[in-house]
Amino acid sequence: MSDSLSETLEMVAVETLPSANDDSADEEQDNIDSSVRKIIRRGMGFCSAEDYLVCKSWILARKEIPTGKREIFMEEMLRIYETFPETKALPVRSSTSIFQRFRKVIAPCVVKMHAIAETAPQESGEDKPIYWDRLIKLYFSKERQHFSFRDCYELLL
């Protein structure tokens, strides 16, 4: 069992009811108190600086472990992510949250933007900021959401 999964299982205590054979009311109360669930709350959302570091750690982890088990890759990605000095001021993240952020949020948006950029190439004489504005408007018109991963896009492609 992976460390993050075992930590999660330890955090969520299974509620146990006192048995009918308990003689003492104090023992019953102790059993109930010890089995109170800890509430797991969602952490803060990722900021753009964290997204950039997640992409950077994905690139470096991919160089270290090109193929293999997902758990090993996730742990390597977390290890690399935590080596960046910028992460000291950021919220603590698990390997699962970092990997899932890349896999389910950043990568799909970057791939969609790349597809849009391929279909709408930069016109001659068009400045890069004007081109980006045009791409972002096209992305919004197709996806109905704002594209907020420009730094990740430029890093990954």
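What comes next is a walk through the structure. (Residues numbered from 1 in each chain as written. Predicted model: local features only at pLDDT ≥ 70, side-chain atom pairs only at ≥ 80, totals over all residues. Heavy atoms only, no water.)

1. Comments concerning the overall build of the chain
Counting its secondary structure elements, the chain contains 7 helices and 0 strands. When the elements of the chain are put in sequence order from the N terminus, they spell out α-α-α-α-α-α-α. Across the 157 residues that make up the chain, the buried fraction comes to 28%. Taking the intrachain contacts of the chain between residues at least 6 apart in sequence as the baseline, contacts between residues at least 24 apart amount to 51%. Surface summary for the chain: the accessible area is close to 11000 Å², and the carbon and sulfur share equals 54%. (Helix = DSSP H or I, 4+ residues; strand = E, 2+ residues; numbered from the N terminus. Buried < 20%, exposed > 50% of the residue type's maximum accessible area, 1.4 Å probe, protein only. Contact = heavy atoms within 4.5 Å. Areas by Shrake-Rupley, 256 points an atom, 1.4 Å probe, with all protein chains shown as cover.)

2. A short note on the environment of I106
Within the element layout of this structure, I106 appears in helix α5 (residues 95-119). Separated by 51 residues in the primary sequence, I106 and C55 have C-alpha atoms spaced 8.2 Å apart. Dropping the residues within four chain positions of it, I106 is found in contact with D51, V54, C55, R101, F149 and C152.

3. Some details on helix α6 (residues 128-143)
Spanning 16 residues, α6 covers 22 Å between terminal C-alpha atoms, matching the ideal 22 Å at 1.5 Å per step. The complete set of buried residues in α6 reads Y131, W132, L135 and Y139. Viewed end-on, α6 has its buried residues packed into an arc of 95°, placing them on one side of the element. Projecting away from the buried face of α6 at angles above 90 degrees are the exposed residues P129 and K137. (Expected span 1.5 Å × (residues − 1). Arc of directions from axis to C-beta.)

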